[in-house]
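Chain by chain, the residues run as shown.
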Amino acid sequence: MEIITVDTRPIDGQKPGTSGLRKKTRTFMEPHYLENFVQSIFDGIGGLKDKTLVLGGDGRYFNDRAAQVVLRMAAASGAAKVIVGQNAILSTPAASNLIRIREAAGGIILSASHNPGGPGGDFGVKFNTPNGGPAPENITAKIHMATQSCIRYFIAESQDIDLSAPGSAKLGEMEVEIVDPVADYAAMMERIFDFDAIRALFAGGFTMRFDAMHAVTGPYAHAILEDMLGAAKGTVINGTPDPSFGDGHPDPNPIWAKALMDEMYSDDGPDFGAASDGDGDRNMIVGKKAYVTPSDSVAVLAANATLVPAYKGGLKGVARSMPTSRALDRVALRLGIDCYETPTGWKFFGNLLDAGRATICGEESAGTGSDHVREKDGLWAVLFWLNILAEKKTSVADLMTAHWQTYGRNYYTRHDYEDVDAKAAEGLISDLRGRLASLPGTEAGGLTVEAADEFAYDDPVDKSRTEGQGLRITLSGGARMVFRLSGTGTAGATLRVYLERAETDPDKLDLDPQEALAPVIAAAEALADIKARTGRDGPDVTT
Ligand code: G6P
Ligand code: ZN
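Only a predicted model underlies this, so the values are computations on that prediction, with no experimental measurement involved.

### Notes on the overall build of the protein chain
- Across its full length, the protein chain holds 18 helices and 27 strands.
- Structurally, the protein chain occupies a C-alpha span of about 70 × 60 × 40 Å along its principal axes.
- Burial analysis of the protein chain (543 residues in total) assigns 54% to the buried set.
- In the protein chain, 75% of the contacts between residues at least 6 apart in sequence involve partners at least 24 apart.

### Side note on the UniProt feature "domain: Alpha-D-phosphohexomutase alpha/beta/alpha" (unreviewed entry) in the protein chain
- The UniProt entry lists residues 14-147, 184-286 and 295-407 under the feature "domain: Alpha-D-phosphohexomutase alpha/beta/alpha" (unreviewed entry), expressed in the numbering used here.
- Span residues 184-286 is 36% helix and 15% strand, its end C-alpha atoms 27 Å apart.
- With 44% helix and 16% strand, the stretch residues 295-407 has end C-alpha atoms that lie 13 Å from each other.

### A few points about the site of ligand 1
- The local shell around ligand 1 holds 14 residues, among which W346, S365, S486, G487 and T488 are the closest.
- When its residues are assigned to classes, the shell around ligand 1 shows one nonpolar, 11 polar and two charged.

### Looking at the domain arrangement of the protein chain
- When its domains are assigned, the protein chain resolves into domain 1 (2-181), domain 2 (185-407) and domain 3 (409-542).
- Each of domain 1 and domain 2 was reduced to a C-alpha centroid, and the two centroids are 28 Å apart.
- With 29 residues of domain 1 in contact, the opposing surface of domain 2 contributes 31 residues.
- With six residues, helix 4 (residues 92-101) is the single largest residue contributor to the side of domain 1 that touches domain 2.
- Tallied by class, the residues present in the side of domain 1 that touches domain 2 amount to 11 nonpolar, 15 polar and three charged.

### Let's talk about the sheet that holds strand 11 (residues 236-237)
- The strand order 11-10-12-13-14 describes an open sheet built from five strands, whose pairing is mixed. Edge positions in the open sheet fall to strand 11 and strand 14 (290-292), since each of these has one partner strand only.
- Where strand 10 (residues 208-211) meets strand 11, two bridges bridge the pair, whose relative direction is parallel. Along strand 11, the bridge assignment pairs D211 with I237.
- Its contacts with the sheet put helix 13 (residues 378-392) on strand 10, strand 12 (272-276) and strand 13 (283-287), and the angle it makes with strand 13 is roughly 25°.

Cut-offs and rules
- Residues numbered from 1 in each chain as written.
- Chains lettered and ligands numbered in written order.
- Predicted model: local features only at pLDDT ≥ 70, side-chain atom pairs only at ≥ 80, totals over all residues.
- Helix = DSSP H or I, 4+ residues; strand = E, 2+ residues; numbered from the N terminus.
- Buried ≥ 20, exposed ≤ 12 C-beta atoms within 10 Å, placed from the backbone.
- Contact = placed C-beta atoms within 7 Å.
- UniProt positions renumbered as here; feature names shortened; annotations may be inferred.
- Near = placed C-beta within 6 Å.
- Nonpolar A, V, L, I, M, F, W, Y, C, P; charged D, E, K, R; others polar.
- Domains from an automatic or database assignment.
- Pairing = 2+ DSSP bridges.
- Axes fitted to C-alpha atoms, helices over the stretch in contact; angles between N-to-C directions.

And the structure:
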């Protein structure tokens with residue numbers, strides 16, 4: 001095997017964002033673009049010599065080509081072994097699990113998560129550390145620095161490795177182990193949940209629809225839900241991964257999973273519905289005519305955790321990202337456990353999970369997970385819900401009603417203004433930032449501002465500080481709003497406005513969230529002048 005040293009130049013803009021480097025697929029396909037970034041990962045982590053790496057992706061367009069490049073580059077950099085999913089497929093949580101159980105030096109995940117794929121879509125590359133989690137800021141900073149001085153990369157000259165069947169191959173000295181992407185993950189799920197109880201639920205006639213959105217969870221869901229748990233064939237829809245995700249947008253929310261929502265809100269729909277995203281770490285939960293917000297979902301999981309075998313001893317603590325509603329805080333208060341508030345991005349949960357301070361974590365962006373891996377985990381959340389429903393023998397709607405009666409309800413909505421002019425969006429944020437200190441005590445939309453600040457996070461484990469994580473304003477009546485710019489978009493700026501209000505009156509727990517939140521929505525407009533600054537009449541997406 002010949003190793004070639006290729007001369008290159010630093011490429012601008014290779015700064016990992018909230019979740020790795022995400023760009024247009026075409027950008028990744030430009031000469032040297034992928035190679036420069038992969039070399040910078042290797043350099044940023046101190047080289048690959050004699051190390052074992054995990055490799056897989058969500059199956060999107062260019063996944064197969066990129067995987068071959070990573071294999072050749074890993075061989076050229078002296079890696080001992082790469083464990084790769086069959087056909088270069090691994091869901092993000094399955095990759096996290098493999099890194100952990102194989103004690104690998106890390107993993108490379110080829111995915112742009114829920115962003116559309118295909119030649120006109122997006123592609124991404126993410127590095128996960130030996131704990132199985134997304135690289136924290138200190139490592140992504142080193143990778144970014146390496147991109148800025150990348151003037152050469154190493155690549156082995158070889159044929160493509162056949163990844164179509166489990167087995168073992170050699171690339172020069174390096175071993176390539178091709179594994180079934182589902183097996184280890186399914187075994188872990190079987191250890192966590194009461195599969196017998198869920199099997200009995202399905203055997204009793206319980207019906208479900210799981211929308212894999214033409215993305216990576218198809219094979220996992222077929223194997224676990226239908227083959228292992230006995231859900232009827234046809235429970236899993238869109239279950240064959242497609243490089244362009246059926247030309248859809250593999251993001252599990254009521255907008256992009258509309259067909260599933262329509263079925264769940266029809267009179268003869270199934271008992272339970274769920275969906276997952278491109279790389280399998282996000283989830284959507286919906287009962288019969290009962291959509292569950294991600295913020296409520298993590299609160300319900302925490303409140304009922306002891307029904308699940310793996311968590312029957314109780315939770316060490318819980319954590320949520322700052323913009324996620326405070327429904328979880330209410331559960332933690334009652335359980336007498338800590339509830340941590342972290343910046344947006346799953347990587348911020350890593351230290352809390354590693355240190356045993358948190359067991360379950362959740363984000364408003366449809367992410368829920370626990371200390372079983374170091375990524376959020378879509379199918380895990382779905383199985384958690386099934387386990388709870390199997391134990392409680394109740395419907396999703398009734399479970400939510402009972403939850404709100406016990407803990408109160410945090411009405412919640414997120415308004416997104418997409419592809420806004422970047423300067424206008426930054427202007428809105430910086431203007432509001434400048435006025436934060438003067439807001440407490442003033443009125444907005446009939447509510448009184450109680451506190452206002454820009455969120456900064458002091459990690460209690462490694463004592464690092466992360467600043468500039470969103471503007472948060474709390475108002476009278478348990479209301480709160482958060483303004484932040486998305487860190488995952490690839491075009492213009494996306495302004496996210498997160499709106500929340502707590503309600504404990506037992507007669508007011510069944511309102512439409514947009515109506516229940518009308519005063520908070522009005523206050524946000526009054527405080528930030530959103531319409532004028534974005535030039536939009538209203539949000540592009542409301543979830
Ligand atoms: C990714 C991360 C999540 C994060 C989300 C936020 O999905 O994995 O942890 O919550 O991005 O995205 P945003 O577009 O709001 O920055
Ligand atoms: Zn994802």
